[in-house]
Amino acid sequence: MEVVETTRQNFKGESMSSSVEDVSVDWRGRPCKPNKHGGMRAAPFVLGLQAFEMMAIAAVGNNLITYVFNEMHFSLSKSANIVTNFIGTVFLLSLLGGFLSDSYLGSFWTMLIFGFVELSGFILLSVQAHLPQLRPPQCNMLAKGNHCLQANEFQALIFFMALYLVALGSGCLKPNIISLGADQFVKEDHKQSRKLSTYFNAAYFSFCVGELIALTVLVWVQTRSGMDVGFGVSAAAMAMGLTCLISGTLVYKNKPPRGSIFTPIAQVFVAAITKRKQVCPSNPEMLHGSLNHPNSIITSSPDNDLLHTEKFRFLDKACIKIQDGGNMKESPWRLCTVAQVEQVKIIISVVPIFACTIIFNTILAQLQTFSVQQGSAMDTKLTKNFQIPPASLQSIPYIMLIFLVPLYETVFVPLARKITGKDSGISPLQRVGIGLFIATFSMISAALVENKRRKSAVNLHETLSIFWIAPQFLIFGISEMFTAVGLIEFFYKQSLAGMQSFLTAMTYCSYSFGFYLSSLLVSLVNKITSNSSNGSGWLSDNDLNKDRLDLFYWLLAALSLINFLNYLFWSKWYSYNPSISPIPQHHDHHHFVEDLNHQSFSSSKHIGVENI
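Just so you know, these numbers come straight off a predicted model, no measurement behind them.

Our next topic: the packing of aromatic side chains. Scanning the entire structure with this criterion turns up 20 aromatic pairs. Considering the side-chain rings of Tyr-67 and Phe-231, the 5.4 Å spacing of their centres and the 80 degrees angle between planes classify their relative orientation as edge-to-face. Separated by 164 residues along the polypeptide, Tyr-67 in helix 3 (residues 64–70) and Phe-231 in helix 10 (residues 227–247) bring together distant segments of the chain. Seen from their ring centres, Phe-108 and Trp-109 are 5.3 Å apart, and the 75 degrees between their planes marks the pair as edge-to-face. Owing to a relative accessible area of 5%, Phe-108 belongs among the buried residues under this scheme. Positioned above the aromatic ring of Trp-573 is the side chain of Lys-311, whose terminal nitrogen or guanidinium carbon lies 3.7 Å from the ring centre.

Okay, here's the thing in structure tokens:
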């Protein structure tokens with residue numbers, strides 16, 4: 001409890017010794033030993049959970065539209081929205097998981113508790129899919145369409161209860177998987193910073209392995225043996241993941257919770273608004289808590305080493321000390337330190353970067369919904385006796401990424417590191433930008449193929465091979481390798497002590513907004529296009545030969561390109577606070593100054609260090 005209280009004081013900007021600047025404890029709350037805890041000895045257990053949990057959730061999410069449409073008998077557009085809302089909720093709940101972890105429970109205990117919540121959801125889904133009384137009578141939706149009986153209220157209640165238990169568990173688990181694994185390394189140390197970058201690539205590799213197994217083996221089991229068996233296998237995979245997590249208990253480095261992470265943030269806004277009529281001093285060294293302030297008693301620590309920046313000057317008013325002559329100490333709700341204010345500035349600054357990835361995840365939503373149905377309308381035969389489940393098409397990019405991610409880490413990163421001097425080869429912002437640009441071509445490919453498929457089916461009465469839609473998955477897979485890993489690395493390395501899980505959760509929140517936007521776009525497109533002369537919306541029928549999915553894909557391609565241009569502006573506007581990035585030990589001072597002035601995707605008006 002003393003360790004927790006000390007770190008809480010540190011986060012609030014109170015005086016403390018630099019000797020506790022990187023407080024980590026074991027599972028019993030005792031200080032960690034470098035030769036026993038953390039590092040690569042602990043990371044594999046977290047990576048194991050990552051792979052098994054992804055295997056379990058992906059097997060459900062990627063084939064869920066087929067189950068909702070064929071077994072629960074919801075319409076195609078409603079089924080697509082159920083899937084996107086479910087996946088959106090998973091990622092939105094990651095904010096809750098990040099908050100509980102940083103503020104009260106810690107990453108390990110948050111993962112353990114909500115891991116069992118997710119497991120219970122998988123078990124209930126399996127039971128619901130197995131018992132006939134919990135599903136509507138069998139009916140061929142493709143043949144009879146609107147004549148099939150939809151699931152009643154009780155059946156739908158059980159289904160959605162199971163589905164959202166999975167969403168709650170998985171959502172609260174995801175950001176903590178990343179943060180607990182990354183916490184095993186010290187990002188301020190140059191050598192461990194390289195290992196941290198390697199860990200993020202390894203985490204994505206384990207994610208790809210989990211996705212690949214889910215989209216091949218588990219989807220095949222669902223197709224051949226039924227969804228009840230498939231959901232049961234997901235439950236077994238989740239149980240294996242929890243076993244991996246528990247197995248590493250003795251070697252984890254744990255960051256203790258620090259109390260509410262929102263209190264110091266709220267204090268800055270309240271203090272700034274209270275002193276809105278005050279005039280900021282022209283010399284920032286006169287602000288309260290400045291490291292160069294003549295009366296400053298703040299000692300060196302990761303929480304208070306932040307340098308003053310010129311952005312959002314209004315917030316600096318929270319650091320103005322009122323001279324009342326009585327030498328009375330002002331309340332923390334009226335007077336904040338520069339460190340507190342700079343923490344809030346960082347959070348505000350990353351919001352536009354976060355927002356630019358929403359369209360990217362809207363594209364991902366199409367690959368998990370409409371593209372699966374697109375594959376269902378194509379020739380799925382690989383041989384006379386073997387058919388490819390449409391959901392398994394999503395395994396194509398992961399097959400490629402299983403080989404591509406190690407090549408990226410072993411070939412591209414060392415080569416780029418020699419050129420740029422950055423531990424990660426290229427900066428996280430550059431990596432995100434490359435991914436956003438490539439994503440546009442995924443939707444262009446999807447639109448061209450869907451147009452050809454529709455014309456072949458309607459005019460020539462021919463069925464195209466399912467492999468025609470493989471390029472859109474391949475292109476997006478490459479895009480995701482850059483964007484997803486770059487975004488997670490960016491957010492984790494910009495986070496400050498006590499907020500790692502919450503800011504990491506913001507990356508998953510982007511997925512949530514992307515999937516919710518997908519549902520909104522489907523509804524808006526149907527409403528707008530149904531008012532046209534033909535009276536039928538682009539996505540209003542259950543028959544893709546009557547719908548205009550190709551036009552919807554073109555719309556997304558245009559939005560993706562506009563989004564990339566928007567990202568270029570905001571990434572140039574963003575600048576790193578240099579104090580949260582250590583000076584590379586292999587550079588001399590002259591080269592370090594050059595690094596400050598030569599960087600891509602960062603404003604030349606602000607000092608920024610992108611070697612993190």
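Our focus in this paragraph is the confidence of the model for the protein. Predicted coordinates in regions of low pLDDT should not be interpreted in detail. Mean pLDDT over the protein stands at 77; residues scoring 70 or higher make up 82%. Put simply, helix 20 (residues 589–597) is where the protein has its lowest mean pLDDT, 38, and helix 6 (residues 107–130) is where it has its highest, 92. Overall, residues 292–304 carries pLDDT values under 50, and its contacts beyond four positions in sequence, including any with other chains, amount to 29 contacts. Below a pLDDT of 50 lies the segment residues 581–612, which in the model reaches 62 contacts outside its immediate sequence neighbourhood of four places, other chains included.

Attention shifts here to empty space enclosed by the protein. All told, the structure shown has 7 cavities of 30 Å³ or more when counted by the stated rule. Estimated volume of the largest cavity: approximately 410 Å³. Every element with two or more residues in the lining of the largest cavity is listed here: helix 2 (43–61), helix 4 (76–92), helix 8 (153–182), helix 9 (190–225), helix 13 (358–368), helix 17 (470–494) and helix 18 (500–529). Residues that form the lining of the largest cavity fall into these classes: 21 nonpolar, 4 polar and 3 charged. Viewed by domain, the lining of the largest cavity spans two of them, domain 1 (23–259) and domain 3 (350–576), each represented by three or more residues.

To continue, consider the environment of Val-117. Following the sequence through the fold, Val-117 ends up in helix 6. On a C-alpha basis, the gap between Val-117 and Gly-169 in space is 5.0 Å, while along the polypeptide they are 52 residues apart. Setting aside residues no more than four positions away along its own chain, Val-117 makes contact with Leu-165, Leu-168 and Gly-169.

On to the packing of helix 4 against helix 5 (residues 94–105), then. Direction vectors running N to C along helix 4 and helix 5 enclose 15 degrees, while the axes themselves pass 4 Å from each other. Comparing their axes, helix 5 and helix 4 come out roughly parallel. Mapping the contact onto sequence places Val-90, Phe-91 and Leu-92 in helix 4 and Ser-94, Leu-95 and Leu-96 in helix 5.

With that settled, consider unusual backbone geometry. With a phi close to 50 degrees, Phe-312 is a non-glycine residue in the positive phi region. Take Phe-312: it is sitting in the loop between helix 11 (262–274) and helix 12 (338–355). For His-461, which is not glycine, the phi torsion reads 55 degrees and is therefore positive. If you trace the backbone, His-461 turns up in the loop between helix 16 (428–458) and helix 17. You can call His-461 exposed: its relative accessible area is 69%.

Moving on to the side chain of Asn-526. Looking at where Asn-526 falls in the secondary structure, it is placed in helix 18. Ignoring any residue separated from it by four or fewer positions in sequence, one finds Asn-526 in contact with Ser-77, Gly-537, Trp-538, Leu-539 and Ser-540.

Another point: helix 10. Here helix 10 is 21 residues long and its end C-alpha atoms lie 30 Å apart, about the 30 Å a rise of 1.5 Å per residue gives. Of all the positions in helix 10, only Met-227, Asp-228, Gly-230, Phe-231, Ser-234, Ala-235, Ala-237, Met-238, Gly-241, Leu-242 and Leu-245 are classed as buried.

Tallied over the entire structure, the rule returns 8 salt bridges. Here Glu-71 ties to Arg-135 by a salt bridge, and the two come within 3.6 Å at their closest N and O atoms. Here Glu-71, found in the loop between helix 3 and helix 4, pairs with Arg-135, found in the loop between helix 6 and helix 7 (141–144); they are 64 residues apart in sequence, far enough to count as distant. A salt bridge links Asp-183 to Lys-255, with the nearest nitrogen and oxygen atoms 3.9 Å apart. With Asp-183 in the loop between helix 8 and helix 9 and Lys-255 in the loop between helix 10 and helix 11, this pair connects stretches of sequence that are 72 residues apart. Several salt bridges converge on common partners, so that one network encompasses Arg-313, Asp-316, Glu-342 and Lys-345.

Attention now goes to the packing of helix 6 against helix 8. The interhelical angle for the contact between helix 6 and helix 8, taken along N-to-C directions, is 150 degrees, at an axis separation of 7 Å. As the angle between them shows, helix 6 and helix 8 are arranged roughly antiparallel. For the pair helix 6 and helix 8, the crossing hand works out as left-handed.

Criteria and cut-off values
Residues numbered from 1 in each chain as written. Predicted model: local features only at pLDDT ≥ 70, side-chain atom pairs only at ≥ 80, totals over all residues. Heavy atoms only, no water. Phe/Tyr/Trp six-rings, centres within 6.5 Å; stacked < 30°, edge-to-face > 60°. Helix = DSSP H or I, 4+ residues; strand = E, 2+ residues; numbered from the N terminus. Buried < 20%, exposed > 50% of the residue type's maximum accessible area, 1.4 Å probe, protein only. Lys NZ or Arg CZ within 6 Å of the ring centre and 35° of its normal. pLDDT = per-residue confidence, 0-100. Contact = heavy atoms within 4.5 Å. 1 Å grid on protein atoms, 1.4 Å probe; cavity = no way out; pocket = protein on both sides within 12 Å on 5 of 7 lines; lining within 4 Å. Points joined across faces, edges and corners; volume = space filled by probe spheres on them. Nonpolar A, V, L, I, M, F, W, Y, C, P; charged D, E, K, R; others polar. Domains from an automatic or database assignment. Axes fitted to C-alpha atoms, helices over the stretch in contact; angles between N-to-C directions. Parallel < 35°, antiparallel > 145°, perpendicular 65-115°, else oblique. Expected span 1.5 Å × (residues − 1). Salt bridge = Lys/Arg side-chain N within 4 Å of Asp/Glu carboxyl O. Left-handed = near helix turned anticlockwise from the far one by under 90°.

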